[in-house]
Amino acid sequence: MRAEPQTITGLSRALAAREVTAELVTERCLQAIAAQNGALNAFIRVFADEAREQARQADAEIARGRSRGPLHGVPISLKDLIDVRGVPTTAASRVREGHVAARDATVVARLRAAGAVLVGKTNLHEFALGTTNEDSAFGPARHPLDPTRSPGGSSGGSAASVLARMAYGSIGSDTGGSIRIPSAACGLVGFKPTLGAVPTDGVVPLSTTMDHVGPLCRSVEDAQIVFDVLRGASPLPPPARDARGLRLGRLREYFVALLDPEVAAAFDAACARLREAGANIVDVSIPHAGDIASIYLHIVLSEAAAYHAVTLEHRADDYTPNVRLRLEMGRYILAEDYVRALRGREVLTAEVDAALDGCDGLLLPALAIPAPTIGAETVRVGGADEPVRNVMLRLTQLFNITGHPAITVPCGATADRLPVGAQIVGRRGADAELLAAARALEPHLGPGVSR
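Bear in mind the structure is a predicted one, so any value in this text is a computation, not a measurement.

**Student:** Tell me what's going on with the pattern of salt bridges, and back it up with residues and numbers.
**Tutor:** What the rule picks out here adds up to 28 salt bridges. A salt bridge links Arg-149 to Asp-146; the nearest nitrogen and oxygen atoms lie 3.2 Å apart. Measuring nitrogen to oxygen at the nearest pair gives 3.0 Å for the salt bridge that ties Asp-360 to Arg-241. In this pair, Asp-360 is assigned in the loop between helix H12 (335–356) and strand E9 (361–365) and Arg-241 in the loop between helix H7 (220–231) and strand E7 (247–251), connecting sequence segments 119 residues apart. Here Asp-360 falls in the partly exposed class, since its relative accessible area comes to 24%.

**Student:** Outline the packing of helix H2 (residues 22–40) against helix H3 (residues 48–63), supporting the account with residue identities and numerical values.
**Tutor:** Relative to each other, H2 and H3 sit at 160°, their axes nearing to 8 Å. The angle between the axes of H2 and H3 places the two elements in the roughly antiparallel class. Both H2 and H3 take part in a crossing whose hand is right-handed. Across from Ala-22, Glu-23, Thr-26, Glu-27 and Leu-30 in H2, the residues of H3 making contact are Ala-48, Ala-51, Arg-52, Ala-55, Arg-56, Ala-58 and Asp-59. Class assignment for the residues of the contact of H2 with H3 results in six nonpolar, one polar and five charged.

**Student:** Quick one: what's the story with the pairing of E7, residue by residue and with numbers?
**Tutor:** Burial within E7 is extensive, with four of its five residues counted as buried. Sheet topology places E7 next to strand E8 (residues 280–284); five bridges connect them, and they run parallel. Its bridge partner being in E8, Leu-248 is matched across the sheet by Ile-281. Where the polypeptide runs from E7 across helix H8 (residues 261–276) and back to E8, its parallel neighbour, the crossover connection is right-handed. The pairing of E7 with E9 spans three bridges and is classified as parallel. Bridge pairing in E9 places Arg-250 opposite Leu-363.

**Student:** Outline the sheet that holds strand E13 (residues 419–425), listing residues and values.
**Tutor:** Within the open sheet, the eleven strands sit side by side as E1-E3-E2-E4-E6-E5-E12-E13-E9-E7-E8. Their pairing is mixed. On the outer flanks of this sheet lie strand E1 (43–46) and E8, each paired with one strand and no other. On average, adjacent strands in this sheet sit at an angle of 30° to one another, irrespective of strand direction. The sheet strands contacting H2 are E1, strand E2 (75–79) and strand E3 (117–122), and the helix crosses E1 at an angle near 135°. Packing against the sheet, helix H5 (residues 156–163) makes contact with E1, E2, E3, strand E4 (169–174) and strand E6 (212–217), and its axis sits at approximately 160° to E4.

Calculation criteria
Residues numbered from 1 in each chain as written. Predicted model: local features only at pLDDT ≥ 70, side-chain atom pairs only at ≥ 80, totals over all residues. Heavy atoms only, no water. Salt bridge = Lys/Arg side-chain N within 4 Å of Asp/Glu carboxyl O. Helix = DSSP H or I, 4+ residues; strand = E, 2+ residues; numbered from the N terminus. Buried < 20%, exposed > 50% of the residue type's maximum accessible area, 1.4 Å probe, protein only. Axes fitted to C-alpha atoms, helices over the stretch in contact; angles between N-to-C directions. Parallel < 35°, antiparallel > 145°, perpendicular 65-115°, else oblique. Left-handed = near helix turned anticlockwise from the far one by under 90°. Contact = heavy atoms within 4.5 Å. Nonpolar A, V, L, I, M, F, W, Y, C, P; charged D, E, K, R; others polar. Pairing = 2+ DSSP bridges. Right-handed = clockwise from strand over helix to strand, strands pointing away.

Note that every value here comes from positions in space, so none of it alone points to a role or purpose.
Written as C-alpha coordinates, this is what we have:
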(Lines give C-alpha, C1' and ligand atoms only; values in the text may rest on other atoms or scores of the structure.)
Protein backbone atom coordinates (compact mmCIF):
# COMPACT_ATOMS: atom_id res chain seq x y z
CA MET A 1 0.00 0.00 0.00
CA ARG A 2 1.35 3.43 -0.95
CA ALA A 3 2.46 5.99 1.58
CA GLU A 4 -0.40 8.36 2.28
CA PRO A 5 -0.39 11.87 0.74
CA GLN A 6 0.24 14.93 2.90
CA THR A 7 -2.72 17.11 1.89
CA ILE A 8 -6.45 16.64 2.39
CA THR A 9 -6.89 16.78 -1.38
CA GLY A 10 -4.40 14.01 -2.03
CA LEU A 11 -5.59 11.88 0.86
CA SER A 12 -9.22 12.17 -0.23
CA ARG A 13 -8.35 10.85 -3.67
CA ALA A 14 -6.24 8.03 -2.24
CA LEU A 15 -9.00 7.00 0.17
CA ALA A 16 -11.61 7.02 -2.59
CA ALA A 17 -9.34 4.87 -4.76
CA ARG A 18 -8.67 2.60 -1.75
CA GLU A 19 -4.93 3.11 -2.12
CA VAL A 20 -4.77 3.82 1.62
CA THR A 21 -7.18 3.36 4.51
CA ALA A 22 -8.59 5.87 6.95
CA GLU A 23 -7.63 3.50 9.75
CA LEU A 24 -3.97 3.56 8.70
CA VAL A 25 -3.68 7.33 8.32
CA THR A 26 -5.57 7.91 11.56
CA GLU A 27 -3.25 5.54 13.39
CA ARG A 28 -0.24 7.39 12.03
CA CYS A 29 -1.69 10.69 13.23
CA LEU A 30 -2.28 9.19 16.67
CA GLN A 31 1.28 7.84 16.69
CA ALA A 32 2.57 11.34 15.82
CA ILE A 33 0.55 12.76 18.71
CA ALA A 34 1.90 10.14 21.12
CA ALA A 35 5.48 10.76 19.97
CA GLN A 36 5.45 14.57 19.87
CA ASN A 37 2.73 16.00 22.06
CA GLY A 38 4.86 15.79 25.18
CA ALA A 39 7.26 18.25 23.58
CA LEU A 40 4.85 20.39 21.55
CA ASN A 41 1.81 20.43 23.86
CA ALA A 42 -0.46 20.85 20.84
CA PHE A 43 -3.36 18.76 22.18
CA ILE A 44 -5.36 19.18 25.37
CA ARG A 45 -7.49 16.07 24.72
CA VAL A 46 -6.99 13.19 22.27
CA PHE A 47 -9.93 11.13 20.98
CA ALA A 48 -7.87 8.00 20.27
CA ASP A 49 -10.55 5.32 20.61
CA GLU A 50 -13.27 7.43 19.03
CA ALA A 51 -11.00 8.36 16.11
CA ARG A 52 -10.12 4.74 15.43
CA GLU A 53 -13.81 3.79 15.40
CA GLN A 54 -14.68 6.70 13.08
CA ALA A 55 -11.85 5.66 10.74
CA ARG A 56 -13.04 2.05 10.63
CA GLN A 57 -16.56 3.23 9.88
CA ALA A 58 -15.27 5.47 7.08
CA ASP A 59 -13.35 2.57 5.52
CA ALA A 60 -16.42 0.34 5.66
CA GLU A 61 -18.59 2.99 4.03
CA ILE A 62 -16.02 3.72 1.31
CA ALA A 63 -15.71 -0.02 0.61
CA ARG A 64 -19.50 -0.16 0.11
CA GLY A 65 -19.29 2.71 -2.36
CA ARG A 66 -20.81 5.28 -0.04
CA SER A 67 -18.91 8.56 -0.19
CA ARG A 68 -19.68 11.44 2.15
CA GLY A 69 -17.41 13.80 0.24
CA PRO A 70 -13.75 14.82 0.27
CA LEU A 71 -13.41 14.87 4.09
CA HIS A 72 -14.61 11.28 4.43
CA GLY A 73 -11.98 9.47 6.54
CA VAL A 74 -9.72 12.53 6.91
CA PRO A 75 -8.23 13.21 10.40
CA ILE A 76 -9.11 16.70 11.66
CA SER A 77 -8.31 18.44 14.97
CA LEU A 78 -10.45 21.04 16.76
CA LYS A 79 -9.48 24.10 18.77
CA ASP A 80 -10.63 23.50 22.35
CA LEU A 81 -13.21 26.25 22.47
CA ILE A 82 -15.44 24.31 20.07
CA ASP A 83 -18.07 22.08 21.69
CA VAL A 84 -17.96 18.33 21.16
CA ARG A 85 -20.84 16.58 22.87
CA GLY A 86 -19.99 14.66 26.02
CA VAL A 87 -16.51 16.13 26.58
CA PRO A 88 -15.23 19.31 28.24
CA THR A 89 -14.67 22.52 26.32
CA THR A 90 -11.82 23.98 28.36
CA ALA A 91 -10.96 27.12 26.34
CA ALA A 92 -7.54 26.44 27.96
CA SER A 93 -8.81 27.88 31.25
CA ARG A 94 -9.36 26.69 34.80
CA VAL A 95 -12.50 28.84 34.75
CA ARG A 96 -14.15 26.13 32.63
CA GLU A 97 -13.40 23.25 35.04
CA GLY A 98 -16.37 20.92 35.27
CA HIS A 99 -17.88 21.97 31.95
CA VAL A 100 -19.09 19.21 29.63
CA ALA A 101 -20.67 20.05 26.28
CA ALA A 102 -24.27 18.89 25.93
CA ARG A 103 -24.21 19.00 22.12
CA ASP A 104 -21.92 19.41 19.17
CA ALA A 105 -21.22 22.85 17.80
CA THR A 106 -22.78 23.20 14.35
CA VAL A 107 -19.36 23.02 12.70
CA VAL A 108 -18.63 19.74 14.51
CA ALA A 109 -21.99 18.29 13.46
CA ARG A 110 -21.16 19.21 9.87
CA LEU A 111 -17.72 17.61 10.09
CA ARG A 112 -19.27 14.42 11.46
CA ALA A 113 -21.85 14.38 8.65
CA ALA A 114 -19.00 14.76 6.14
CA GLY A 115 -17.27 11.70 7.61
CA ALA A 116 -14.25 13.51 9.08
CA VAL A 117 -12.27 11.68 11.75
CA LEU A 118 -11.98 13.90 14.83
CA VAL A 119 -8.62 13.18 16.49
CA GLY A 120 -8.74 15.62 19.41
CA LYS A 121 -8.95 19.13 20.80
CA THR A 122 -6.01 21.48 20.57
CA ASN A 123 -4.34 23.94 22.92
CA LEU A 124 -4.94 27.67 22.62
CA HIS A 125 -4.32 31.01 24.27
CA GLU A 126 -6.79 31.13 27.16
CA PHE A 127 -10.26 32.08 25.86
CA ALA A 128 -8.55 32.99 22.54
CA LEU A 129 -7.44 36.29 24.06
CA GLY A 130 -3.81 36.36 22.92
CA THR A 131 -1.47 35.81 19.99
CA THR A 132 1.25 33.50 21.34
CA ASN A 133 -0.60 30.57 22.97
CA GLU A 134 1.52 31.10 26.12
CA ASP A 135 -1.29 31.97 28.54
CA SER A 136 -2.97 28.58 28.83
CA ALA A 137 -3.96 26.56 31.88
CA PHE A 138 -2.23 23.64 30.14
CA GLY A 139 1.04 25.43 29.38
CA PRO A 140 2.20 26.85 26.06
CA ALA A 141 1.99 25.07 22.74
CA ARG A 142 5.35 24.98 20.98
CA HIS A 143 6.49 25.43 17.40
CA PRO A 144 7.29 22.13 15.65
CA LEU A 145 10.24 23.69 13.79
CA ASP A 146 11.73 25.21 16.96
CA PRO A 147 10.16 24.30 20.32
CA THR A 148 11.69 27.40 21.93
CA ARG A 149 9.31 29.48 19.82
CA SER A 150 5.59 30.10 19.79
CA PRO A 151 3.49 28.60 16.99
CA GLY A 152 1.39 31.76 17.13
CA GLY A 153 -2.05 32.12 18.58
CA SER A 154 -4.59 31.92 19.64
CA SER A 155 -5.04 28.76 17.52
CA GLY A 156 -1.44 27.72 18.18
CA GLY A 157 -2.16 24.11 19.02
CA SER A 158 -4.20 23.78 15.84
CA ALA A 159 -1.32 25.03 13.68
CA ALA A 160 1.22 22.84 15.48
CA SER A 161 -1.01 19.78 15.02
CA VAL A 162 -1.12 20.25 11.24
CA LEU A 163 2.55 21.14 10.81
CA ALA A 164 3.62 18.15 12.94
CA ARG A 165 1.36 15.84 10.88
CA MET A 166 -0.86 15.02 13.86
CA ALA A 167 -3.88 15.97 11.71
CA TYR A 168 -4.52 16.84 8.08
CA GLY A 169 -6.36 20.03 8.96
CA SER A 170 -7.67 21.85 11.99
CA ILE A 171 -10.61 24.08 12.83
CA GLY A 172 -9.71 27.30 14.61
CA SER A 173 -11.28 30.61 15.49
CA ASP A 174 -10.19 34.10 14.46
CA THR A 175 -11.16 37.29 16.30
CA GLY A 176 -8.06 39.37 15.61
CA GLY A 177 -5.95 37.00 13.53
CA SER A 178 -6.06 33.77 15.51
CA ILE A 179 -6.23 31.53 12.42
CA ARG A 180 -4.00 33.60 10.16
CA ILE A 181 -1.26 34.43 12.71
CA PRO A 182 -0.41 30.81 13.63
CA SER A 183 -0.80 29.72 10.00
CA ALA A 184 1.74 32.35 8.93
CA ALA A 185 4.07 31.44 11.80
CA CYS A 186 3.93 27.75 10.86
CA GLY A 187 3.97 27.97 7.06
CA LEU A 188 0.36 26.88 6.59
CA VAL A 189 -2.74 28.19 4.83
CA GLY A 190 -5.25 29.78 7.21
CA PHE A 191 -8.62 31.05 6.02
CA LYS A 192 -10.89 33.49 7.85
CA PRO A 193 -14.17 33.57 5.94
CA THR A 194 -16.54 36.50 5.66
CA LEU A 195 -18.12 37.31 9.02
CA GLY A 196 -21.15 35.04 9.45
CA ALA A 197 -20.31 32.65 6.62
CA VAL A 198 -19.59 29.86 9.14
CA PRO A 199 -21.81 29.52 12.24
CA THR A 200 -20.22 30.15 15.63
CA ASP A 201 -22.85 28.56 17.86
CA GLY A 202 -21.25 26.09 20.24
CA VAL A 203 -17.98 28.04 20.08
CA VAL A 204 -16.92 29.89 23.26
CA PRO A 205 -17.12 33.57 22.25
CA LEU A 206 -14.45 36.22 22.58
CA SER A 207 -16.06 39.11 20.70
CA THR A 208 -19.54 38.36 19.41
CA THR A 209 -19.29 40.86 16.55
CA MET A 210 -15.82 39.79 15.39
CA ASP A 211 -15.56 36.01 15.98
CA HIS A 212 -14.97 33.84 12.90
CA VAL A 213 -14.43 30.08 12.50
CA GLY A 214 -12.31 28.60 9.73
CA PRO A 215 -9.67 26.06 8.66
CA LEU A 216 -5.91 25.74 9.03
CA CYS A 217 -4.52 23.47 6.30
CA ARG A 218 -1.55 22.76 4.04
CA SER A 219 -2.99 24.19 0.81
CA VAL A 220 -5.61 26.59 -0.48
CA GLU A 221 -7.48 23.71 -2.10
CA ASP A 222 -7.63 21.98 1.28
CA ALA A 223 -9.00 25.17 2.85
CA GLN A 224 -11.71 25.30 0.18
CA ILE A 225 -12.72 21.70 0.93
CA VAL A 226 -13.01 22.31 4.68
CA PHE A 227 -14.75 25.66 4.23
CA ASP A 228 -17.44 24.09 2.04
CA VAL A 229 -18.18 21.59 4.81
CA LEU A 230 -18.17 24.22 7.58
CA ARG A 231 -20.54 26.54 5.74
CA GLY A 232 -22.98 23.67 5.25
CA ALA A 233 -23.54 24.10 1.53
CA SER A 234 -22.87 21.96 -1.50
CA PRO A 235 -19.48 22.86 -2.95
CA LEU A 236 -19.63 25.11 -5.98
CA PRO A 237 -17.02 24.84 -8.74
CA PRO A 238 -14.56 27.65 -7.95
CA PRO A 239 -14.18 30.19 -10.72
CA ALA A 240 -11.17 29.41 -12.88
CA ARG A 241 -8.48 31.99 -12.24
CA ASP A 242 -4.92 32.49 -13.34
CA ALA A 243 -2.32 34.76 -11.79
CA ARG A 244 -1.97 36.54 -15.13
CA GLY A 245 -4.36 39.45 -15.18
CA LEU A 246 -5.24 39.42 -11.50
CA ARG A 247 -5.21 42.93 -10.08
CA LEU A 248 -3.99 43.14 -6.49
CA GLY A 249 -4.06 46.20 -4.25
CA ARG A 250 -0.91 46.19 -2.13
CA LEU A 251 -1.38 47.90 1.21
CA ARG A 252 1.56 50.14 2.13
CA GLU A 253 2.27 52.80 4.81
CA TYR A 254 0.90 51.49 8.14
CA PHE A 255 1.00 47.90 6.87
CA VAL A 256 4.73 47.89 6.12
CA ALA A 257 5.91 50.44 8.69
CA LEU A 258 6.83 47.78 11.28
CA LEU A 259 8.18 44.68 9.55
CA ASP A 260 11.05 42.43 10.46
CA PRO A 261 13.64 42.91 7.66
CA GLU A 262 13.51 39.23 6.64
CA VAL A 263 9.72 39.29 6.54
CA ALA A 264 9.84 42.43 4.40
CA ALA A 265 12.38 40.86 2.05
CA ALA A 266 10.39 37.63 1.66
CA PHE A 267 7.17 39.54 1.01
CA ASP A 268 8.82 41.86 -1.54
CA ALA A 269 10.34 38.86 -3.31
CA ALA A 270 6.93 37.21 -3.43
CA CYS A 271 5.43 40.37 -4.94
CA ALA A 272 8.15 40.32 -7.61
CA ARG A 273 7.31 36.69 -8.45
CA LEU A 274 3.63 37.56 -8.74
CA ARG A 275 4.46 40.35 -11.18
CA GLU A 276 6.59 37.93 -13.20
CA ALA A 277 3.60 35.59 -13.31
CA GLY A 278 1.49 38.37 -14.80
CA ALA A 279 -0.32 39.77 -11.77
CA ASN A 280 -0.88 43.52 -11.75
CA ILE A 281 0.05 44.97 -8.35
CA VAL A 282 -0.96 48.53 -7.52
CA ASP A 283 -0.54 50.41 -4.26
CA VAL A 284 -3.69 51.26 -2.28
CA SER A 285 -4.24 52.76 1.15
CA ILE A 286 -6.52 52.74 4.18
CA PRO A 287 -6.64 56.41 5.28
CA HIS A 288 -7.59 55.71 8.90
CA ALA A 289 -5.29 52.71 9.39
CA GLY A 290 -3.70 54.45 12.37
CA ASP A 291 -7.00 54.03 14.26
CA ILE A 292 -7.23 50.24 13.76
CA ALA A 293 -5.73 49.16 17.08
CA SER A 294 -7.81 51.56 19.16
CA ILE A 295 -11.06 50.62 17.42
CA TYR A 296 -10.28 46.93 17.72
CA LEU A 297 -9.44 47.06 21.43
CA HIS A 298 -12.49 49.09 22.39
CA ILE A 299 -14.75 46.53 20.71
CA VAL A 300 -13.05 43.26 21.62
CA LEU A 301 -12.32 44.07 25.25
CA SER A 302 -15.80 45.47 25.87
CA GLU A 303 -17.51 42.42 24.41
CA ALA A 304 -15.15 40.00 26.11
CA ALA A 305 -15.63 41.65 29.49
CA ALA A 306 -19.40 41.45 29.10
CA TYR A 307 -19.24 37.69 28.43
CA HIS A 308 -16.88 37.12 31.38
CA ALA A 309 -18.62 39.50 33.84
CA VAL A 310 -19.88 36.79 36.22
CA THR A 311 -16.68 34.74 36.36
CA LEU A 312 -14.58 37.88 36.75
CA GLU A 313 -16.60 38.59 39.88
CA HIS A 314 -16.45 35.08 41.33
CA ARG A 315 -13.46 33.25 39.81
CA ALA A 316 -11.01 35.98 38.84
CA ASP A 317 -8.02 34.09 40.27
CA ASP A 318 -8.68 31.15 37.93
CA TYR A 319 -7.67 33.19 34.88
CA THR A 320 -4.06 33.42 33.78
CA PRO A 321 -2.74 36.83 34.90
CA ASN A 322 -2.33 38.39 31.44
CA VAL A 323 -5.78 37.34 30.23
CA ARG A 324 -7.40 38.50 33.46
CA LEU A 325 -5.72 41.89 33.09
CA ARG A 326 -7.07 42.35 29.55
CA LEU A 327 -10.56 41.36 30.63
CA GLU A 328 -10.42 43.74 33.59
CA MET A 329 -9.39 46.53 31.22
CA GLY A 330 -12.55 45.89 29.23
CA ARG A 331 -14.69 46.57 32.30
CA TYR A 332 -13.50 50.18 32.36
CA ILE A 333 -14.25 51.08 28.76
CA LEU A 334 -17.02 53.69 28.62
CA ALA A 335 -20.18 53.01 26.63
CA GLU A 336 -19.53 56.15 24.59
CA ASP A 337 -16.07 54.83 23.65
CA TYR A 338 -17.58 51.51 22.55
CA VAL A 339 -20.17 53.30 20.40
CA ARG A 340 -17.45 55.54 18.98
CA ALA A 341 -15.48 52.41 18.05
CA LEU A 342 -18.52 50.97 16.27
CA ARG A 343 -18.70 54.16 14.22
CA GLY A 344 -15.00 53.82 13.49
CA ARG A 345 -15.71 50.28 12.27
CA GLU A 346 -18.09 51.71 9.67
CA VAL A 347 -15.38 54.08 8.43
CA LEU A 348 -12.77 51.33 8.17
CA THR A 349 -15.21 48.98 6.44
CA ALA A 350 -15.94 51.61 3.81
CA GLU A 351 -12.21 52.23 3.33
CA VAL A 352 -11.46 48.53 2.81
CA ASP A 353 -14.33 48.33 0.33
CA ALA A 354 -12.90 51.35 -1.50
CA ALA A 355 -9.41 49.84 -1.58
CA LEU A 356 -10.89 46.69 -3.13
CA ASP A 357 -12.69 48.64 -5.86
CA GLY A 358 -11.23 47.51 -9.16
CA CYS A 359 -9.06 44.87 -7.46
CA ASP A 360 -9.36 41.10 -7.19
CA GLY A 361 -7.90 41.26 -3.69
CA LEU A 362 -5.72 43.18 -1.28
CA LEU A 363 -2.17 41.98 -0.63
CA LEU A 364 -0.09 42.47 2.52
CA PRO A 365 2.07 40.42 4.90
CA ALA A 366 0.17 38.26 7.37
CA LEU A 367 2.59 38.45 10.31
CA ALA A 368 5.11 41.24 10.80
CA ILE A 369 7.71 39.06 12.57
CA PRO A 370 8.82 35.44 12.47
CA ALA A 371 7.54 33.16 15.23
CA PRO A 372 8.68 34.79 18.49
CA THR A 373 10.60 33.13 21.30
CA ILE A 374 8.33 31.85 24.07
CA GLY A 375 8.46 34.28 26.99
CA ALA A 376 9.52 37.29 24.94
CA GLU A 377 7.46 40.35 25.85
CA THR A 378 8.99 42.66 23.25
CA VAL A 379 10.64 42.28 19.85
CA ARG A 380 13.01 44.61 18.03
CA VAL A 381 11.29 46.03 14.94
CA GLY A 382 11.96 49.28 13.12
CA GLY A 383 14.72 50.27 15.52
CA ALA A 384 12.54 50.05 18.62
CA ASP A 385 11.34 47.41 21.09
CA GLU A 386 7.68 46.72 20.35
CA PRO A 387 5.21 44.61 22.40
CA VAL A 388 5.02 41.15 20.81
CA ARG A 389 1.21 41.00 21.04
CA ASN A 390 0.73 44.37 19.31
CA VAL A 391 3.10 43.55 16.47
CA MET A 392 1.55 40.12 15.88
CA LEU A 393 -1.99 41.56 15.68
CA ARG A 394 -1.05 44.57 13.60
CA LEU A 395 -1.71 43.17 10.11
CA THR A 396 -4.72 40.94 10.72
CA GLN A 397 -7.10 42.68 13.13
CA LEU A 398 -8.47 45.17 10.58
CA PHE A 399 -10.32 42.42 8.72
CA ASN A 400 -12.01 41.16 11.88
CA ILE A 401 -13.26 44.69 12.48
CA THR A 402 -14.65 44.89 8.93
CA GLY A 403 -15.60 41.23 8.41
CA HIS A 404 -13.84 40.85 5.04
CA PRO A 405 -12.59 37.35 4.16
CA ALA A 406 -8.81 36.95 4.41
CA ILE A 407 -6.43 34.08 3.76
CA THR A 408 -2.80 33.52 4.72
CA VAL A 409 -0.57 31.68 2.24
CA PRO A 410 3.15 30.85 2.75
CA CYS A 411 5.48 33.18 0.84
CA GLY A 412 8.98 32.21 1.96
CA ALA A 413 11.15 31.82 5.01
CA THR A 414 13.85 33.50 7.05
CA ALA A 415 17.49 32.42 7.17
CA ASP A 416 16.55 30.32 10.22
CA ARG A 417 13.86 28.53 8.18
CA LEU A 418 11.03 30.23 10.01
CA PRO A 419 8.00 30.68 7.75
CA VAL A 420 6.73 33.97 6.34
CA GLY A 421 3.13 34.40 5.18
CA ALA A 422 1.34 36.69 2.75
CA GLN A 423 -2.27 37.73 3.32
CA ILE A 424 -4.89 38.15 0.60
CA VAL A 425 -8.17 39.91 1.38
CA GLY A 426 -11.38 39.72 -0.64
CA ARG A 427 -14.78 41.37 -0.86
CA ARG A 428 -17.35 40.61 1.81
CA GLY A 429 -19.39 37.58 0.77
CA ALA A 430 -17.03 36.73 -2.08
CA ASP A 431 -15.27 33.87 -0.29
CA ALA A 432 -15.23 31.57 -3.33
CA GLU A 433 -13.68 34.28 -5.48
CA LEU A 434 -11.00 34.97 -2.87
CA LEU A 435 -10.15 31.28 -2.58
CA ALA A 436 -9.94 31.01 -6.37
CA ALA A 437 -7.56 33.99 -6.53
CA ALA A 438 -5.45 32.59 -3.67
CA ARG A 439 -5.24 29.24 -5.41
CA ALA A 440 -4.02 30.94 -8.59
CA LEU A 441 -1.40 32.94 -6.67
CA GLU A 442 -0.27 30.12 -4.35
CA PRO A 443 2.33 28.54 -6.71
CA HIS A 444 4.01 31.92 -7.22
CA LEU A 445 4.05 33.17 -3.64
CA GLY A 446 6.70 30.69 -2.59
CA PRO A 447 6.91 27.30 -0.90
CA GLY A 448 6.01 26.77 2.73
CA VAL A 449 8.43 25.22 5.17
CA SER A 450 8.14 21.44 5.15
CA ARG A 451 8.68 19.25 8.15
